[in-house]
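The chain contents come next:
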Amino acid sequence: MRSDYCGDLRTADEGRQVQVCGWVARRREHGEHLAFIDLRDHTGLIQCVVDGAHELRSEFVVRVTGTVRRRPDGTANSELPTGEVEVGDCTVEVLSGSDPVPFPIDERVEVDETLRLRHRYLDLRAARLQGNLRIRASVNAALRAAMTDQGFVEIETPLLIASTPEGARDFVVPSRLSPGEFYALPQSPQLFKQLCMVGSVDRYYQIARCLRDEDLRADRQFEFSQLDLEASFVTQADILEMVGVAIGAAVSAVRNVEPGPIPHMTWREAMDRFGSDKPDVRFGLELVDVTAVFSSTEFNAFRAPSVKAICVPGGADTTRSRLDDLTDRAKRWGAKGLVWMRVEEDGINSPVSKFLSAEELTGLREATGASTGDLLLLVADEWRATCHVLGLLRLELGRPGVNEGGLQFLWVIDFPLFEAIGDDGSPVPAHHPFTMPHADDLHLLDSTEPTDLLAMRSQAYDLVLNGWELGSGSVRIHDPAVQRRIFGLLGISSDEAQKRFGFLLDAFRFGAPPHAGFAFGIDRLVALLAGEENIREVIAFPKTQSGGDPLTGAPGALDAGQLDELGLRVLPPAT
RNA sequence: GGUCCCGUGGUGCAGUUUGGAGUGCACGCCGGCCUGUCAAGCCGGAGGUCGCGGGUUCAAAUCCCGUCGGGACCGCCA
């Protein structure tokens, strides 16, 4: 039916009789007996010269039989890869007609996203999504090859599993055979991959679909894909190396460059310098600790456990309304306030400068390296709150576009084991409860001091790319005694632990190898490699921010018969 | 749970601040002309519940309240 793809024809094909199939992208009529058709398939466009095209319309599906010829002198189109040639002496068969399309299939027009999603099959015809889906496919292929090369075995794990109350909200599936009971869809294959380790698989991986019922964002969908992996008899360093190999393969499959070794940064340093556990290191505006400068200040707002500043070079001309806007944002992010200071020729211009001593102002300029023309922004609070607010402010002020600054991968290591002490007095795990404490901090497990517990580091690590958390992993606890100790600290009784994770704990009684793993989001990686700031652009059929699918109408109601069969009754909406 | 932005012929926008006739631009669509265009060109034409509901007003796309849809973000996402 077809001899060539549209986008493949070149001068080397001159003289060949070809059959090309595709969609009419554009039609240019020049009277009754000359017209040009741009024929489009997934490879690109080819111009066909036809004897009249009045019956043809945009997006008609046609098969064109003709001869490839060099275009007449002066009529080549340098914008098109196929622009040196055209298909002439054409016979056109209409294989399928088309109504006028609801939006132009043209990159140059930004169309309402609901409309694009409602007619996703049309949106997919555009080069942007065609390219993105193919980038995604080559990333998947490169990851599979890299994992296979490293001795990993691809294993599929179940989608219908038991709900565990940890982590994100589960999507649940009612059971017909056990009315009133439910499966959960996996948030990740976490427990199964650890069982694979107990089962002596040694190295497991999977491109796994994961589902979490949490609010959607530009970088979050209900459903997403992870490269999920786990290995036995390895250290954290081994896992980082293996993931680095996979990432390198994915990057070089899309770009023609190897990303090189991925630098490491401790969690503490990331928070201190960037105010985030997923720092975007493509730009400066780093946080500067100035707590010491105000150690004996008279200014109440700065009598806080942590005072930090951002110096915005050349920012002194920031307008008052913009500063007010930044202050509003800082407050919405949880700050008690935001102090701004314009560094001017004759000193510091700030609403609070009269509360500060000369020594403090001098110390501040020294600590931040601020010079005339700069803007200083300060927040004072608990250390975590200060870092958090200034970290968000930093992104607001300087974050580069998705295609700027290259690909800056970063390992964030030495995460804390616990992120806070909960209301019940038990520490709250920062990762999951199977995370191995850092070897140097194991002795703190026996401490009863909250500060000791919060100081404990874990063998957990995140991979970050340009400020996006790509994924996380950890060395797991394989020793039942340590696991019991952790559950005890978390306030999880052995009965409760047995109820929640009994099958895993049982498995660990029969010889669990030391093991560690990782998982990273393929949607996010592909989006950044494709230069997209939204993962919906690299997903064939994504959902809107409110979790709907304008194409299929999901989610929708069930009819009474289905509900009966499942033993379900729908309550009226709460008011 | 919260903050902010958007919604105007098929598409993308302007018009909303300061109320005065559905006014404008570009693309697309339909018809005609046109033998080297390429986002073809020229001429003509059709096409509107200004998201929806209520309110204020002599008068609402415009002001107010509510609601629906979309987007960005905070919370949330072990």
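These numbers were taken from a predicted model, which means no experiment stands behind them.

Before going further, it helps to spend a moment on the overall build of chain A. If you tally the helices and strands in chain A, you get 14 helices and 22 strands. Once the C-alpha set of chain A is aligned to its principal axes, its extents read approximately 90 × 75 × 55 Å. Here chain A holds 575 residues, and 48% of them are scored as buried. Counting contacts in chain A only where the partners sit at least 6 residues apart, residues at least 24 apart contribute 67% of the total. About 28100 Å² of surface is accessible on chain A, with carbon and sulfur atoms providing 50% of the total. Averaging the locations of the 59 positively and 86 negatively charged side chains of chain A gives two centres separated by 3 Å.

Considered domain by domain, chain A is made up of domain 1 (6–96), domain 2 (130–265 + 408–539) and domain 3 (284–398). Computed over C-alpha atoms only, the centres of domain 1 and domain 3 are separated by 62 Å.

Lining the immediate environment of RNA strand B, one finds 51 residues, of which R26, E29, T75, E86 and H431 sit closest. When atoms of RNA strand B within 4 Å of the protein are sorted by moiety, sugar and phosphate together comprise 56%. R332 is positioned with one of its side-chain polar atoms (N or O) 3.1 Å from a sugar or linking oxygen of RNA strand B. Secondary-structure elements contributing two or more residues to the surface near RNA strand B are β1 (17–29), α1 (113–118) and α9 (383–398). Among the residues forming the surface near RNA strand B, the class breakdown is 15 nonpolar, 17 polar and 19 charged.

Read across the sheet, 5 strands follow the order β12-β13-β16-β14-β15 without closing on themselves; strand pairing throughout is antiparallel. On the outer flanks of this sheet lie β12 (287–289) and β15 (347–349), each paired with one strand and no other. With direction set aside, neighbouring strand axes in the sheet form an average angle of 30°. Of the strand pairs in this sheet, β12 and strand β13 (residues 306–312) are connected by 3 bridges, and their pairing is antiparallel. Across the sheet, residue D289 finds its bridge partner in β13, namely K308. Across the sheet, helix α7 (residues 320–332) is in contact with β14 (339–344) and β16 (375–381); its angle to β14 comes to roughly 145°.

Another point: the nonpolar core. Here is a general trend for soluble globular proteins: nonpolar side chains tend to be buried in one another's company. With 66 residues, the main nonpolar core has L227, I239, I247 and L525 as its most contacted residues. Looking at which element gives the most residues to this core, the answer is helix α5 (residues 236–254), with 8 residues. Setting aside residues no more than four positions away along its own chain, I247 makes contact with I262, F409, L463, L470, F520 and L525.

With that settled, the discussion passes to the sheet that holds strand β9 (residues 203–211). The mixed open sheet is built from 8 strands, whose spatial order is β6-β9-β10-β22-β21-β20-β17-β11. A single partner strand is all that each edge strand has here, and the edge strands are β6 (153–154) and β11 (264–266). Sheet topology note: the β6/β9 ladder contains 2 bridges and is parallel. For E154, the partnering residue across the bridge sits in β9 and is Y205. Most of the contacts of helix α3 (residues 127–149) go to β9, to which it runs at about 150°, and overall it touches β6, β9, β10 (223–232) and β22 (515–521).

Where α7 meets α9, the axes come as close as 10 Å, and the angle between the chain directions of the two elements is 140°. For the element pair α7 / α9, the angle class is oblique. Crossing of α7 over α9 shows right-handed handedness. In this structure, α7 uses R322, L326, R329 and A330 to contact α9, whose residues at the interface are V389, L393, E396 and L397.

A few words on the packing of helix α4 (residues 190–198) against helix α12 (residues 494–508). Their axes nearest at 10 Å, the elements α4 and α12 cross at an angle of 15°. Taken together, the axis directions place α4 and α12 in an arrangement best described as roughly parallel. Both α4 and α12 take part in a crossing whose hand is left-handed. Contacts between α4 and α12 involve L191, Q194, L195 and V198 on the former and, on the latter, F503, L504, A507 and F508.

A separate point is the packing of aromatic side chains. Evaluation of the coordinates by the stated rule reveals 12 aromatic pairs. Ring geometry for F299 against F355: centres 5.4 Å apart, planes inclined by 5°, an arrangement best described as stacked. Placement of F299 in the loop between β12 and β13 and of F355 in the loop between β15 and α8 (358–368) is noted, with a sequence separation of 56 residues between them. For F299, a relative accessible area of 12% puts it in the buried group. On the basis of relative accessibility, which here comes to 43%, the residue F355 falls in the partly exposed class. Each ring, one from F487 and one from F501, has its centre 5.8 Å from the other, and the planes form 0°; the classification is stacked. Highlighted residues: F487 in helix α11 (residues 480–490) and F501 in helix α12, separated in sequence by 14 residues. Look at F487 and you get buried, because its relative accessible area is 5%. Over the ring of W383 we find R268; its NZ or CZ atom is 4.1 Å from the centre of that ring. Seen from the ring of F283, R394 lies directly overhead, with NZ or CZ sitting 3.8 Å from the centre.

Quick look at the side chain of R40 now. Within the element layout of this structure, R40 appears in strand β2 (residues 35–41). Among the residues examined, R40 registers a relative accessible area of 10% and is labelled buried. Within the structure, the side chain of R40 is placed 2.6 Å from the side chain of E59, a separation counted as a polar contact. What R40 contacts, discounting residues up to four positions off in sequence, is C6, G22, W23, A25, L45, E59, I105 and R125.

Let's shift gears to the state of the cysteines. Considering all chains together, one arrives at 0 disulfides under this definition. The thiol of C48 is not disulfide-bonded; the next cysteine sulfur, from C90, is found 4.8 Å away. A disulfide-free cysteine, C196 has its sulfur positioned 14 Å from the sulfur of C210, the nearest such atom. Judged by relative accessible area, C196 falls into the buried class, the value being 13%.

The next thing to look at is α8. Along an α-helix, a turn takes 3.6 residues, which lines up residues three or four apart on a common side. Taken as a whole, α8 has its buried residues at E360, L361, G363, L364 and T368. Buried residues in α8, looked at end-on, bunch into an arc of 165°, giving them a common side. Exposed residues lying more than 90 degrees from the buried face of α8 are A358, E359 and E366. Buried residues along α8 sit in contact with β12, β13, β14, β15 and β16.

What counts and how
- Residues numbered from 1 in each chain as written.
- Chains lettered and ligands numbered in written order.
- Predicted model: local features only at pLDDT ≥ 70, side-chain atom pairs only at ≥ 80, totals over all residues.
- Heavy atoms only, no water.
- Helix = DSSP H or I, 4+ residues; strand = E, 2+ residues; numbered from the N terminus.
- Buried < 20%, exposed > 50% of the residue type's maximum accessible area, 1.4 Å probe, protein only.
- Contact = heavy atoms within 4.5 Å.
- Areas by Shrake-Rupley, 256 points an atom, 1.4 Å probe, with all protein chains shown as cover.
- Lys, Arg positive; Asp, Glu negative; His and termini not counted.
- Charge placed at Lys NZ, Arg CZ, Asp CG, Glu CD.
- Domains from an automatic or database assignment.
- Near = heavy atom within 4 Å.
- Polar contact = N/O pair within 3.5 Å; in protein donor to acceptor, adjacent residues only side chain to side chain.
- Nonpolar A, V, L, I, M, F, W, Y, C, P; charged D, E, K, R; others polar.
- Pairing = 2+ DSSP bridges.
- Axes fitted to C-alpha atoms, helices over the stretch in contact; angles between N-to-C directions.
- Core = buried A, V, L, I, M, F, W, Y, C linked by side-chain atoms within 4.5 Å.
- Parallel < 35°, antiparallel > 145°, perpendicular 65-115°, else oblique.
- Left-handed = near helix turned anticlockwise from the far one by under 90°.
- Phe/Tyr/Trp six-rings, centres within 6.5 Å; stacked < 30°, edge-to-face > 60°.
- Lys NZ or Arg CZ within 6 Å of the ring centre and 35° of its normal.
- Disulfide = S-S within 2.5 Å.
- Arc of directions from axis to C-beta.

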